[in-house]
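# Results of the structural survey
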Amino acid sequence: MGSEEITTSEESRGHLKQLVAIGLIASLIGIALGLAIDWFPTQASTQAEKVDTLWDVLLIFSVPVFVLVITVVLYSVWRFRMKPGEELKDGPPIHGNTRLEIVWTAIPAIILVALCSYAYVTLTDIEEADASALNVTVVGEQFTWTFYYDVDGKKVASPQLYVPRGKQVYFTVQSQDVIHDFWVPAFRMKIDAVPGVDTHLRVTPKTNGDYPVVCAELCGLGHSVMRQTAHVVDQSEFDKWLQDRASGATAGGGGADEAGGNAGAPDGKSVFTDASCGGCHALKDAGTTGGTGPELDKVLADKDAGFIEKSIVDPSAEIAPGFSDGLMPANFGETLQPAELDALVKYLDKVSG
Ligand code: CUA
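Residues numbered from 1 in each chain as written. Predicted model: local features only at pLDDT ≥ 70, side-chain atom pairs only at ≥ 80, totals over all residues. Heavy atoms only, no water.

Close inspection of predicted coordinates is inappropriate for parts of the model with low pLDDT. Summing up the model confidence of the chain, the mean pLDDT is 86 and the portion of residues at 70 or higher is 93%. For the chain, the element scoring lowest by mean pLDDT is helix H8 (residues 332-335), at 80; strand E5 (residues 169-175) scores highest, at 97. Every residue in residues 251-263 is under pLDDT 50, and counting partners more than four places away or in other chains gives 25 contacts. (pLDDT = per-residue confidence, 0-100. Helix = DSSP H or I, 4+ residues; strand = E, 2+ residues; numbered from the N terminus. Contact = heavy atoms within 4.5 Å.)

And the structure:
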C-alpha cells in the first residue's frame, strides 16, 4: 500500500482544484443559507439558546460534508463520464493510497469526537439541576394535558401551564393511557410521557409570553389537537396565580393581566378555551371546529345545565351517537375548579341555544 500514488498529472491537479473551489463555494452558500433560515420559535428558556447554538454548530460542520460528497458525485458525472468511443478505455487500477486513507479516516473521526463532546457538554449543561427548582407534574391523557402544582402539600390542578420567569422548573411527566410527548417548542425541551413511568425535564423560562404546549407523539384521534398554552410570567404574578388557584379564586386561567383579572367570577368562554375543549368540539360562539368530539351547538341544543354538567364531569354517562366512549378525558371534574365548571356549564347552556 502506498507505493502506487494517484497520478498527479497537471490534468488531475486541475480537476482537484476545480473540485475544491466548487465545493468551497457551495459549502459557504449552504452554510449561509442554513444560518439565515429562522428555524425555531422564540427562545423562551435559557436552554433554548444553548440548543440553538448547538444546532448552528452542527449545521456549520454537516453542510460542508454533504456538499463535498454531492460535489464530488456531480463533478465526476460531469467530467469523467464515459463518452462515445471510450467504451473500452478504463483508467489504471488503484490499489490504495495510505496517506489519503489516513486523512479521510482521521478528519471525520476528529470532527465526530469533537461534536459528540460538545453535544455532551451542552446536554449536561442544560440538564443541570437547581435545588430550588419549582416542581410541576405534567399528566398527559387522550387528549389533554393537566398540570399539577404542590401548594403546602396540596395538589393544585390547572389545564394551563404557568411558570415563573427566571426560575428553574422541574417537570415530572406522566401518562394515564398511551405514550404522549410533552413539548413546548419555545423551551426546546421535550420528553415522552410513558404510562407507568415518571420522566423528567428541566426548563428555566426566560422570556415572558404565551407559548404552545404540544403533544409530539401520535397518540390517537385527537393527537393533533392535544395543545394547550404555557404562560411565562413574573414570579410575583405566578405566586398570585398559584395562590388564587389553590384557594379556588382563580378566573379560569387567561392570566391576571387580562380584563377582569382574578377577582371576578370565571368567564365560561375563557374556561372553554383554556381547557382546550375546542380542540375536540366545534362550537360556533367560540369559533372552534374540532371534530374529535360531538358538535356542541347540535348535541346541547335541547339540553339543560344538569345534562351539560354531567357530560363534562362524567363523559361516559351518555355517549353521543357516532362517538365512542373513553375519548373525552374523565377528570375535568377534578382539574376544573367548581367556579370554573359552573361558569363553563352556564356558558355552554347559553350559547348552545
Ligand atoms: Cu397525546 Cu399525541
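Next comes the rest of the description.
To continue, consider the sheet that holds strand E4 (residues 161-164). Strand order in this open sheet of five strands is E4-E10-E9-E6-E7, and the pairing throughout is mixed. Each end of this open sheet is capped by a strand with a single partner; those strands are E4 and strand E7 (189-193). On average, each strand axis in the sheet is tilted by 25° relative to the strand beside it, whichever way the strands run. Pairing of strand E6 (residues 180-184) with E7 involves five bridges; the strand directions are antiparallel. The residue of E7 that forms the bridge with Phe182 is Ile191. (Pairing = 2+ DSSP bridges. Axes fitted to C-alpha atoms, helices over the stretch in contact; angles between N-to-C directions.)

Turning next to the pairing of E4. By the alternation rule, side chains of E4 split into Leu161 and Val163 and Tyr162 and Pro164, which are all buried. Looking at chain direction, E4 and strand E10 (residues 228-233) are connected through four bridges and run parallel. Bridging across to E10, Val163 finds its partner in Val232. (Buried < 20%, exposed > 50% of the residue type's maximum accessible area, 1.4 Å probe, protein only.)

As a packed pair, helix H7 (residues 305-313) and helix H9 (residues 338-351) sit with axes 9 Å apart at the nearest point and diverge in direction by 125°. With respect to H9, the axis of H7 lies oblique. For the crossing formed where H7 meets H9, the hand is right-handed. Here Ala305, Ile308, Glu309, Ile312 and Val313 of H7 lie close against H9, whose contacting residues are Leu341, Leu344, Val345, Leu348 and Asp349. Taken together, the residues of the contact of H7 with H9 break down into eight nonpolar, no polar and two charged. (Parallel < 35°, antiparallel > 145°, perpendicular 65-115°, else oblique. Left-handed = near helix turned anticlockwise from the far one by under 90°. Nonpolar A, V, L, I, M, F, W, Y, C, P; charged D, E, K, R; others polar.)

Before going further, it helps to spend a moment on the environment of Val345. With respect to the secondary-structure elements, Val345 resides in helix H9. Take Val345: its relative accessible area is 4%, and that puts it in the buried class. In the structure, Val345 is positioned 37 residues away from Ile308 in sequence and 6.1 Å away in space, judged by C-alpha atoms. Not counting residues within four places of it along the chain, the set of residues in contact with Val345 comprises Ala305, Ile308, Glu309 and Ile312.

Let us look at the side chain of Thr199. Tracing the chain through its elements places Thr199 in strand E8 (residues 199-203). The buried category is assigned to Thr199, whose relative accessible area is 14%. A distance of 2.7 Å separates the side chain of Thr199 from the backbone oxygen of Asp192, its partner in a polar contact. (Polar contact = N/O pair within 3.5 Å; in protein donor to acceptor, adjacent residues only side chain to side chain.)

Here the focus is the packing of aromatic side chains. Summed over the entire model, instances satisfying the criterion amount to 13 aromatic pairs. For the ring pair Tyr149 and Phe238, a centre distance of 6.0 Å and an interplane angle of 50° mean the geometry is tilted. With Tyr149 in strand E2 (residues 144-151) and Phe238 in helix H4 (residues 235-247), this residue pair connects regions lying 89 residues apart in the sequence. For the pair Tyr149 and Phe238, one class covers both residues: buried. Aromatic rings pair up to connect Trp145, Phe147, Phe171 and Phe182 into one cluster. Its guanidinium or amino end placed over the ring of Tyr148, Lys155 lies 4.7 Å from that ring's centre, counting from NZ or CZ. Note that Lys303 overlies the ring of Phe307, its terminal NZ or CZ placed 4.6 Å from the centroid. (Phe/Tyr/Trp six-rings, centres within 6.5 Å; stacked < 30°, edge-to-face > 60°. Lys NZ or Arg CZ within 6 Å of the ring centre and 35° of its normal.)

What follows covers the sheet that holds E8. The strand order across the open sheet formed by five strands is E3-E2-E1-E5-E8, and the pairing between neighbours is mixed. The sheet is open, and its two borders are formed by strand E3 (154-158) and E8, each paired with just one other strand. Each adjacent strand pair in this sheet contributes to an overall mean axis angle of 30°, direction not counted. On top of the sheet, H4 reaches strand E1 (134-141), E2 and E3; it is set at about 105° to E3, its chief contact.

With that out of the way, let us pick up helix H1 (residues 10-36). Because each turn of an α-helix spans 3.6 residues, side chains separated by three or four positions in sequence point in the same direction. Given a rise of 1.5 Å per residue, 27 residues ought to cover 39 Å, and the 39 Å separating the end C-alpha atoms of H1 matches this to within 8%. Restricting attention to buried positions, one finds in H1 the residues His15, Leu19, Gly23, Ser27, Gly30, Ile31 and Gly34. Those residues of H1 that are buried are in contact with helix H2 (46-79). (Expected span 1.5 Å × (residues − 1).)

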